[in-house]
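Summary of the model geometry
Here are the chains, one letter per residue:
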Amino acid sequence: MEPELQARPRAVLLTRPAGEADPLAGLLRGRGLDVVAVQTVALEPVAPGGALDAAVEDLAGFDWVLATSAAAVAALADAAE
């Protein structure tokens, strides 16, 4: 009996903020995949003096801080300065 052949994807949908798809898209294309890059998130600057600044001032009051992206880490670092 022949082993079951697994279908290999030919195309990949890559969701990233504008300008952040290039390195990964290049790697995927280098492996022979067609890449469809779609901007699904728009990154906007955080207004000074808002909720983020207030939260950073009270970091000792939090048990955990979870950043879900590199952009979130950058925003936290900027607010902490």
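Our subject is the structure that appears above.
These remarks concern the structure in this document. (Residues numbered from 1 in each chain as written. Predicted model: local features only at pLDDT ≥ 70, side-chain atom pairs only at ≥ 80, totals over all residues. Heavy atoms only, no water.)

**A short note on the overall build of the protein chain**
Along the protein chain, the regular secondary structure elements total three helices and two strands. Sequence-ordered secondary structure for the protein chain, helices as α and strands as β, is β-α-β-α-α. Within the span of the protein chain, comprising 81 residues, buried residues form 12% of the whole. Partitioning the intrachain contacts of the protein chain with sequence separation of at least 6 by distance along the chain shows that 28% fall at a separation of at least 24. (Helix = DSSP H or I, 4+ residues; strand = E, 2+ residues; numbered from the N terminus. Buried < 20%, exposed > 50% of the residue type's maximum accessible area, 1.4 Å probe, protein only. Contact = heavy atoms within 4.5 Å.)

**Things to note about the environment of A55**
Along the chain, A55 falls in helix α2 (residues 51–57). Given a relative accessible area of 26%, A55 falls into the partly exposed group.

**A short note on a nonpolar patch on the surface**
There is a patch of nonpolar side chains on the surface, built from L13, V36 and V38 and spanning about 250 Å² of accessible area. With respect to the helices, strands and loops of the structure, V36 is situated in strand β2 (residues 34–39). Classification of V36 as partly exposed rests on a relative accessible area of 44%. (Patch = residues over 30% accessible without salt bridge, like charges linked within 9 Å, V, L, I, M, F, W, Y side chains within 5 Å. Areas by Shrake-Rupley, 256 points an atom, 1.4 Å probe, with all protein chains shown as cover. Salt bridge = Lys/Arg side-chain N within 4 Å of Asp/Glu carboxyl O.)

**Some remarks on the environment of A80**
By the secondary structure assignment, A80 is in helix α3 (residues 70–80). For the pair A80 and A55, spaced 25 residues apart in sequence, the C-alpha separation works out to 9.7 Å.

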